[in-house]
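Now for the letters of each chain:
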Amino acid sequence: MKILVVGGGGREHALAWAFARRGHAVVAAPGNPGTARIGRNLAVKADDIAGQVRAARDERPDLVVVGPEAPLCAGLADALRAAGIPTFGPNRDGARLEGSKAWSKAFFARHGLPTARFFDATTMAEVDHALDALGAAVVKADGLAAGKGVVVARTRDEARAAAAGMIEGGAFGDAGRRVVIEERLPGREASILAISDGRSFVLLPAAEDHKAVFDGDRGPNTGGMGAVSPTPVVTPELVERARREVFEPVVRGLAAEGIDYRGVLYAGLMVAPDGTPNVLEFNCRFGDPEVEAIAVRWADDPAAWLAGAAAGRLPAGEPEFSPRAATCVVMAAEGYPGTPRGGDRIAGIAEAEALGDVVVFHAGTRAADGGLVTAGGRVLAVTALGDDAAAARARAYAAVGKISWPGAHYRTDIGGRIT
Ligand code: AMP
Ligand code: GLY
């Protein structure tokens, strides 16, 4: 197949790599220096809907895979399908699962999913009413906020201040004019991803993200500083409960509401002490860096699954994955997750990959003067396989040790602290 991958981060490089490895021709738009090594890049921004549709019409790919959420929420998949191009990624109606927390919470309630009690508010009077019922609570901007629109408040005053900042202060622009206020749930967090063709779904192997910027889960949240797959957090019992109590009702509910959902269903769960898989959120695309750790374990052809989903007919059976373990360590630029510094020269990628069982996915890099420089917050997603989690982790950190640039930083405890 010829596959057009929309996006230019580590997620898109990992998908492109997994397709190229099975012999597919890959074009990325806009891609990055990593995708340029395995295919061709087109200079079209991911959220330039008209430009992406033009590129797809010119290229005539067999499949378009849309990586990031913003173009999905803006209707890129609708536009591609209208042009007759097979597309993996939900239409705008399905992307509301991620694009509007108020819509998705109401959807969870309509379909009986386990989730936190919640209120929807656009005025401070409504906020006060919600806080009267909940006390200290979690405040969430309704719209897309790059993973930063959630405040887990310790006190009622803190919750009220967060809501005021969003509704009255414009903290997240229009995305925060409406907020969801929900009960704070106890438990352990886990993510489970599935691929849906609109009628059924298959689950992907468990992966665990590490969101905080510093070791020991300290510091502000980021897009994700590393991932492991598999993870002991996602037990077979949890997977079965999530299948029955979360994914089956979601896929049935989407179909019942006339939403033809062809793409990733990414459930962010808070697993209660009694094992209930409470749904915190859904995303409408692959997790980044979760998919880097999953992609290197994919043992059959991932394109067959995504093309099947795009066509509304998943292949029979389940996708196959290597039993080996993967660890992905994100190396970030000076300043991230605040304003990252760009233009620092990156060295050592070839040496890292020469270790074997290592793939260095590009996330925020740029070609310059025959070399590579930093050009984003998350710069590289250094991913390694090993026979078990400890071996994968040791190899990933050996690879990280070969790579350098001024100001590079990364967590040293992805998949457990190395002692
Ligand atoms: P979300 O984007 O909705 O997944 O929220 C971001 C993070 O906030 C989650 O990964 C959790 O750590 C935390 N969080 C969100 N909702 C809740 C909740 N109801 N109770 C406790 N923590 C939450
Ligand atoms: N790594 C978290 C996300 O992709 O949303």
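Structure: see above.
Here we summarise the structure given alongside this text. All figures in this text were calculated on a predicted structure; none of them were measured in a lab. (Residues numbered from 1 in each chain as written. Chains lettered and ligands numbered in written order. Predicted model: local features only at pLDDT ≥ 70, side-chain atom pairs only at ≥ 80, totals over all residues. Heavy atoms only, no water.)

**Observations concerning the site of ligand 1**
Stage number 1. Taken together, 15 residues sit near ligand 1, with Lys140, Glu182, Glu183, Leu185 and Glu189 positioned nearest.
Stage number 2. Within the side chain of Lys140, one N or O atom sits 2.8 Å away from an oxygen atom of ligand 1.
Stage number 3. In the environment of ligand 1, an oxygen atom lies 3.0 Å from a nitrogen or oxygen atom belonging to the side chain of Glu281.
Stage number 4. Across the complex, the protein chains shield 88% of the 470 Å² of accessible surface that ligand 1 would expose by itself.
Stage number 5. Going through the elements one at a time, β7 (138-141), β8 (150-152) and β17 (277-283) are the ones with two or more residues in the shell around ligand 1. (Near = heavy atom within 4 Å. Polar contact = N/O pair within 3.5 Å; in protein donor to acceptor, adjacent residues only side chain to side chain. Areas by Shrake-Rupley, 256 points an atom, 1.4 Å probe, with all protein chains shown as cover. Helix = DSSP H or I, 4+ residues; strand = E, 2+ residues; numbered from the N terminus.)

**Thoughts on helix α1 (residues 10-21)**
Stage number 1. With 12 residues, α1 should reach 16 Å at 1.5 Å per residue; the first-to-last C-alpha distance of 16 Å fits that figure.
Stage number 2. Restricting attention to buried positions, one finds in α1 the residues Gly10, Arg11, Glu12, His13, Ala14, Leu15, Ala16, Trp17, Ala18 and Phe19.
Stage number 3. Where α1 terminates, the next one or two residues include Gly23, which has phi positive at roughly 90°. (Expected span 1.5 Å × (residues − 1). Buried < 20%, exposed > 50% of the residue type's maximum accessible area, 1.4 Å probe, protein only.)

**What to know about the site of ligand 2**
Stage number 1. Taken together, Asp209, Gly223, Tyr266, Asn283, Arg285, Gly287, Asp288, Pro289 and Glu290 form the complete shell of residues around ligand 2.
Stage number 2. Take Asp209: an N or O atom from its side chain is 2.8 Å from a nitrogen atom of ligand 2.
Stage number 3. One nitrogen or oxygen atom from the side chain of Arg285 is found 2.8 Å from an oxygen atom belonging to ligand 2.
Stage number 4. Burial of ligand 2 by the protein chains amounts to 87% of its free accessible area of 200 Å².
Stage number 5. The residue inventory of the shell around ligand 2, partitioned by class, reads 2 nonpolar, 3 polar and 4 charged. (Nonpolar A, V, L, I, M, F, W, Y, C, P; charged D, E, K, R; others polar.)

**Here we look at the sheet that holds β8**
Stage number 1. The strand order across the open sheet formed by 4 strands is β6-β9-β7-β8, and the pairing between neighbours is antiparallel. On the outer flanks of this sheet lie β6 (118-121) and β8, each paired with one strand and no other. Going from strand to strand, the sheet's axes swing by 15° on average, the running direction of each strand aside.
Stage number 2. Both β6 and strand β9 (residues 179-182) contribute to a ladder of 4 bridges, which runs antiparallel. Its bridge partner being in β9, Ala121 is matched across the sheet by Val179. (Pairing = 2+ DSSP bridges. Axes fitted to C-alpha atoms, helices over the stretch in contact; angles between N-to-C directions.)

**Digging into the sheet that holds strand β19 (residues 358-362)**
Stage number 1. What the 5 strands build is an open sheet, ordered β12-β15-β18-β22-β19; its pairing is antiparallel. Pairing within the sheet leaves two strands with one partner each, and these edge strands are β12 (208-209) and β19.
Stage number 2. Inspection of the sheet shows β19 paired to strand β22 (residues 378-386) by 5 bridges, in the antiparallel sense. Within β22, the position partnered with Phe361 by the bridge is Ala381.

**Some remarks on the pattern of salt bridges**
Stage number 1. Evaluation of the coordinates by the stated rule reveals 27 salt bridges.
Stage number 2. Of the charged contacts in the structure, one is a salt bridge between Glu59 and Lys2, with a shortest N-O distance of 2.8 Å. In this pair, Glu59 sits in helix α3 (residues 49-59) while Lys2 sits in strand β1 (residues 2-7), placing the two residues 57 residues apart along the sequence.
Stage number 3. With a relative accessible area of 15%, Glu59 lands in the buried category.
Stage number 4. For Lys2, a relative accessible area of 23% corresponds to the partly exposed category.
Stage number 5. A cluster of three or more residues bridged by salt bridges with shared partners is formed by Asp128, Asp132, Arg156 and Arg160. (Salt bridge = Lys/Arg side-chain N within 4 Å of Asp/Glu carboxyl O.)

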